[in-house]
Protein chains: 2
Amino acid sequence: MTDIDFAVLGTGGIGRRTLEVSQHKEGLTPVAACDRNGIAIDRGGLDVEELLDATEGNIASGPQSGPEQSSSAELRSADSRAAKPRDDGDQPRDGDDRGDTDGSNAATDGGAAADAAASAADAAASSGVKQTGEGAGVVASEQGEPTETPIDDVIEISDAVDAVLIALPNLEHDFIPNIADRFAEAAYSGVLIDVLKRSRVIGMLDERADQLEDAGITFVCGAGATPGFLTGAAALAVQSFVEVHEVDIWWGVGLKSGYEDNRGTVREDIAHLDGYDVETARDLSDEEIEEIIEAHDGVLEFHDMEHADDVLLERAGICDAEDVTVGGILDVRSDEKPTTTTVSVTGTTFDGERATNTFELGDETSMAANVNGPALGYLKAAVRRNRAGEHGVFGPAELMPSF
Amino acid sequence: MTDIDFAVLGTGGIGRRTLEVSQHKEGLTPVAACDRNGIAIDRGGLDVEELLDATEGNIASGPQSGPEQSSSAELRSADSRAAKPRDDGDQPRDGDDRGDTDGSNAATDGGAAADAAASAADAAASSGVKQTGEGAGVVASEQGEPTETPIDDVIEISDAVDAVLIALPNLEHDFIPNIADRFAEAAYSGVLIDVLKRSRVIGMLDERADQLEDAGITFVCGAGATPGFLTGAAALAVQSFVEVHEVDIWWGVGLKSGYEDNRGTVREDIAHLDGYDVETARDLSDEEIEEIIEAHDGVLEFHDMEHADDVLLERAGICDAEDVTVGGILDVRSDEKPTTTTVSVTGTTFDGERATNTFELGDETSMAANVNGPALGYLKAAVRRNRAGEHGVFGPAELMPSF
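Predicted model, so just to flag it, every value in this text is computed and none were measured.

Before going further, it helps to spend a moment on the overall build of chain A. A count of helices and strands for chain A gives 15 helices and 13 strands. Taken across its 403 residues, chain A has 66% of its residues classed as buried. Restricting to contacts in chain A with at least 6 residues of sequence separation, those with at least 24 account for 81%. By element, 42% of the accessible surface of chain A is carried by carbon and sulfur atoms, the whole surface being about 14,000 Å².

We now examine the relation of the copies chain A and chain B. With an RMSD of 0.0 Å, the operation that places chain A on chain B is a rotation of 180° combined with a shift of 0.0 Å along the axis. As the rotation angle and translation indicate, the two copies are arranged about a two-fold axis. For chain A, the minimum C-alpha distance to the rotation axis belongs to A:Phe359 and amounts to 2.2 Å.

This part takes up the packing of helix 1 (residues 13-22) of chain B against helix 15 (residues 367-387) of chain B. All names here are of chain B. Following both chains from N to C, one finds helix 1 and helix 15 inclined at 65°, their axes separated by 9 Å at the closest point. Regarding the angle of helix 1 to helix 15, the classification is roughly perpendicular. The handedness of the crossing between helix 1 and helix 15 comes out as right-handed. Taking contact as the criterion, the partners of Ile 14, Arg 17, Thr 18, Val 21 and Ser 22 in helix 1 are, on helix 15, Ala 368, Val 371, Asn 372, Gly 373 and Leu 376. Here the contact of helix 1 with helix 15 is composed, by residue class, of five nonpolar, four polar and one charged.

All names here are of chain A. Inspection of the secondary structure puts Thr 348 in strand 11 (residues 342-348). Assessed through its relative accessible area of 17%, Thr 348 is described here as buried. Filtering out sequence-adjacent residues up to four positions away, Thr 348 remains in contact with Phe 241, Val 242, Glu 243, His 245, Glu 353 and Arg 354.

Turning next to the nonpolar core. Membership of the largest hydrophobic core comes to 164 residues, with the highest contact counts inside it found for A:Val247, A:Leu379 and B:Val247. Here B:Val247 is in contact with B:Ala234, B:Leu313, B:Cys319, B:Asp323, B:Val324, B:Thr325, B:Val343, B:Ser344 and B:Val345, once residues within four sequence places are set aside.

Turning next to the interface of chain A and chain B. Every contact between the two is made by 50 residues of chain A and, on the other side, 50 residues of chain B. Broken down residue by residue, the surface that chain A buries against chain B is led by A:Leu236, A:Phe350 and A:Arg384, which jointly contribute 17%. Connecting chain A to chain B are two salt bridges. Note that A:Arg384 and B:Glu390 form a salt bridge whose closest N and O atoms lie 2.7 Å from each other. There are 17 residue pairs in polar contact (both at pLDDT 80 or more) connecting chain A and chain B.

With that settled, consider unusual backbone geometry. Note: most residues except glycine have negative phi, and most peptide bonds are trans. Residue and element names in this part refer to chain A. For the bond from Thr 226 to Pro 227, the omega torsion is -5°, close enough to zero to count as cis. Counting through the fold element by element, Pro 227 comes out in the loop between strand 7 (218-220) and helix 10 (229-237). Backbone geometry at Asp 304 places phi at a positive 50°, although glycine is not the residue there. Mapped onto the elements of the fold, Asp 304 is located in the loop between strand 9 (299-302) and helix 14 (309-315). Note on Asp 304: relative accessible area 63%, which makes it exposed.

Residues and elements named next belong to chain B. Relative to the helices and strands, Ile 193 is located in strand 6 (residues 191-194). Looking at Ile 193, the relative accessible area reads 0%, which means it is buried. Separated by 26 residues in sequence, Ile 193 and Phe 219 have C-alpha atoms that sit 5.6 Å apart. Not counting chain neighbours up to four residues away, the residues in contact with Ile 193 comprise Val 164, Leu 165, Ile 166, Val 220, Ala 223, Ala 375, Tyr 378 and Leu 379.

For chain A, per-residue confidence averages 81 on the pLDDT scale, and 78% of positions sit at 70 or higher. Here residues 62-133 of chain A scores under 50 on pLDDT; set against residues more than four positions off or in separate chains, the count is 180 contacts.

What follows is about the pattern of salt bridges. Considering all chains together, one arrives at 18 salt bridges over all chains under this definition. The salt bridge involving B:Asp162 is made with B:Arg387; its shortest N-O contact spans 3.4 Å. Pair noted here: B:Asp162 is in the loop between helix 6 (150-156) and strand 5 (163-166) and B:Arg387 is in helix 15, with a separation of 225 residues, a long-range link. Judged by its relative accessible area of 23%, B:Asp162 falls in the partly exposed class. The class for B:Arg387 is partly exposed, based on a relative accessible area of 39%. Where salt bridges share partners, they join A:Asp206, A:Arg315 and A:Glu398 into one cluster.

The subject of this paragraph is the sheet that holds strand 4 (residues 144-146) of chain A. All names here are of chain A. Strands sit in the order 4-3-2-1-5-6-7-13 across an open sheet of eight strands; the sheet is mixed. Because the sheet does not close on itself, it has two edges, and the strands there are strand 4 and strand 13 (392-394). Between one strand axis and the next, the sheet turns by 25° as a mean value, whatever way the strands run. When strand 1 (residues 4-9) meets strand 5 (residues 163-166), the two strands line up parallel, connected through four bridges. Bridging from a neighbouring strand, Phe 6 pairs with Ala 163 of strand 5.

Think of a pair of aromatic rings as described by two things: how far the centres are apart, and how the planes are tilted against each other in angle. For the structure on display, the rule yields six aromatic pairs over all chains. Over the ring of B:Phe403 we find A:Lys25, and its NZ or CZ is 4.1 Å from the ring centre.

In this section: helix 7 (residues 175-185) of chain B. All names here are of chain B. Of all 11 residues in helix 7, 10 are buried; the element is thus mostly enclosed. Every buried residue of helix 7 is accounted for by Phe 175, Ile 176, Pro 177, Asn 178, Ile 179, Ala 180, Asp 181, Arg 182, Phe 183 and Ala 184. Immediately downstream of helix 7, the backbone of Ala 187 shows phi near 65°, a positive value.

Turning next to the sheet that holds strand 10 (residues 324-331) of chain B. Across the sheet, 10 strands lie side by side as 9(A)-10(A)-8(A)-11(A)-12(A)-12(B)-11(B)-8(B)-10(B)-9(B); this open sheet has mixed pairing. The sheet is open, and its two edges are formed by strand 9 of chain A together with strand 9 (299-305) of chain B, each paired on a single side. The sheet shows a mean angle of 10° between the axes of neighbouring strands, direction not considered. Looking at chain direction, strand 8 (residues 243-254) of chain A and strand 11 of chain A are connected through seven bridges and run antiparallel. Pairing of A:Trp250 across the sheet is with A:Thr342, part of strand 11 of chain A.

Our next topic: the pairing of strand 2 (residues 28-34) of chain A. All names here are of chain A. For strand 2, the tally of buried residues reaches six of seven residues, placing the bulk of the element in the interior. As judged from the six bridges shared by strand 1 and strand 2, these two strands associate in the parallel manner. Looking at strand 2, one finds that Leu 9 is bridged to Cys 34. Taken together, strand 1, helix 1 (residues 13-22) and strand 2 constitute a β-α-β crossover, and its handedness is right-handed. In terms of strand pairing, strand 2 meets strand 3 (residues 38-41) through three bridges, oriented antiparallel.

Moving on, we come to the environment of A:Gly232. Relative to the assigned elements, A:Gly232 resides in helix 10. Its relative accessible area of 0% is what places A:Gly232 among the buried residues. Sequence separation between A:Gly232 and A:Tyr378 is 146 residues; the distance between their C-alpha atoms is 9.8 Å. When residues no more than four places from it in sequence are discounted, the contact partners of A:Gly232 are A:Tyr378, A:Met400 and B:Leu236.

Residue and element names in this part refer to chain A. Along the polypeptide, His 303 turns up in the loop between strand 9 and helix 14. Put simply, His 303 and Ile 329 are 26 residues apart on the chain and 8.9 Å apart in space, counted from C-alpha to C-alpha. Once residues within four sequence positions are removed from consideration, His 303 is found in contact with Trp 250, Val 326 and Gly 327. Engagement of the side chain of His 303 in a polar contact is seen with the side chain of Glu 301, the distance being 2.9 Å.

Conventions used here
- Residues numbered from 1 in each chain as written.
- Chains lettered and ligands numbered in written order.
- Predicted model: local features only at pLDDT ≥ 70, side-chain atom pairs only at ≥ 80, totals over all residues.
- Heavy atoms only, no water.
- Helix = DSSP H or I, 4+ residues; strand = E, 2+ residues; numbered from the N terminus.
- Buried < 20%, exposed > 50% of the residue type's maximum accessible area, 1.4 Å probe, protein only.
- Contact = heavy atoms within 4.5 Å.
- Areas by Shrake-Rupley, 256 points an atom, 1.4 Å probe, with all protein chains shown as cover.
- Least-squares fit on C-alpha atoms with pLDDT ≥ 70 in both.
- Axes fitted to C-alpha atoms, helices over the stretch in contact; angles between N-to-C directions.
- Parallel < 35°, antiparallel > 145°, perpendicular 65-115°, else oblique.
- Left-handed = near helix turned anticlockwise from the far one by under 90°.
- Nonpolar A, V, L, I, M, F, W, Y, C, P; charged D, E, K, R; others polar.
- Core = buried A, V, L, I, M, F, W, Y, C linked by side-chain atoms within 4.5 Å.
- Buried area = accessible area lost by both parts, 1.4 Å probe.
- Salt bridge = Lys/Arg side-chain N within 4 Å of Asp/Glu carboxyl O.
- Polar contact = N/O pair within 3.5 Å; in protein donor to acceptor, adjacent residues only side chain to side chain.
- pLDDT = per-residue confidence, 0-100.
- Pairing = 2+ DSSP bridges.
- Phe/Tyr/Trp six-rings, centres within 6.5 Å; stacked < 30°, edge-to-face > 60°.
- Lys NZ or Arg CZ within 6 Å of the ring centre and 35° of its normal.
- Right-handed = clockwise from strand over helix to strand, strands pointing away.

Take a look at the structure:
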């Protein structure tokens, strides 16, 4: 396989760590990275170390209250597309109740490895945790240039790019789908990959499957830890069986040292606790959140979370979405995982035995390791598919041996 | 994905169970199956139940001592190619010491799920365990016709076939590679897939990669349980890491009820015990084997077995072959697994943590379930690759997200 040149949209937690992990991988060259205010491009390969050093603790973001008040014309223009009527008459293939209700707790579903890492970017970008004023973010790097149109700038050089990792904060539901539209309209024909968690967004990408396929784009959605790594593990574990009864994904995250960066995740997680929902969690003050955490001694446990693993396993033909359960434990006062991240797949073999196959992640693996490694693994697999002419929308489980 | 029509070469343990498992899978239609003396073809789909019922305990095979004395002109003609000089000047890409030494214990490496099941075919076919004389095997089915050229017969209808599962007994090292040659020369352009275990054979297939690629064949080698299922699990488990230190594959097989069918495996397994090798094991009488089993109370434990998992993980760029260890326990007096089949992958994350990710198969999953499900899963994935224009030789780990 020849080399892969890729771009990263967003330099929050996932974007930065992906750039870092790519330095350990053969054949992966980051050629562009952008945030709201700046872009760094080097077709020969970015100096990742310089970029990370220059932007450490220095992530460009909008003001406290999020995109509506954002000063970024680029993000506003992306957002504004959400209000426009869609050009085609397609109905969401996944527009069922699950998709809708899931949308409500969509932004992070917090706690799981992918969530926490994704929300590190959120927290940084939408709460301005790390903002340091003028010159923040990519423009602080020697390689960075200021821009008001970072995504357009990446699109402009996309003929030199094999894959684009979308590591942007969770904004409107259709933010990532709209970015897909823009790449498709610009005749980009490589890979787009995200680490989203929202079932609803996957439905919205499915609406665009034909358009993406026509453009020659291979879009892989939900390719972080969960969904992503653990969805793939489930897709492999079912191979012993002819019928799958239950897929149980259970995660542990210890977040003491990452807590400051992941306040957004914790807020979203609270929406999954009894007595809360996304709206009430969104309205909580920081003090109220601290009180809730205090009341739980820093350990939040979640059951029956809505996660796109269900939709992604169903679309791969492995089981019904309702047979998938996701839960876990988040400890914000320890870096030790409070429980072992485990995928348990129960099924029946062709010879009539009921059994459970399991996949466990070592407790020492950080959420970041379990997001960024798989994201790049799926990215490489997707580039191969793309080059072979397989275009459209894919979930991680569809990049595995078929069930 | 549209339907897949496939053929099975060999109706020993793997062939028969693959036909059975395919009945549980959507979009898989078996259209041909053959053994030494007969072939059943139905382009609309074989009546698998009738075929299995008619051939149960009734597998066509040659005489006790193997292909040299075989009455089958077809197998002899395939074998005879082994002695012919190769047409091209390619050197084996994998022709190192490992390949050579591995070849010596190549035939089954016994005990592991794939091995035992593969050797069920061996035992039936080369020891004649189930031979019942005239009319044995496929010809006993209403759908069967006698033939002296079963493989040629399948080649003849191969335009109607998307994939061919090679579930033939372990004969000469180059038996399967020679079959690949024949399909390539006949301008077949679909999938070939086997469940072999010999590192040496993979090197021999690699020698043919260009020829297979030119023909448009996608050859997936070693796609049973181990190598295969467990190799894939290792390839996924490494995604947390930037460096892989060790892959440890440890299997348990309880074979009480399958013992009669798997004498060949047990013989091969004995070659891995201290004081034995392939040659001495081959020369043991059945009585001597029983004595050895008796001396071990029916439980044979193996360490540092040579298995193609190592070569297949190395060729996928995951780790060095020498970092892979394979061992396990075979209990011929119980159907309970004497130990849990486990893949342990130890590596270091990008953030410097050393950890071990594990994949465990439920003890109730039979070796057959863990061979045939993955074989068909890889077959389906391979057809997709084939249709997208990806041709040549692939290991299971190469059908996973890339490392």
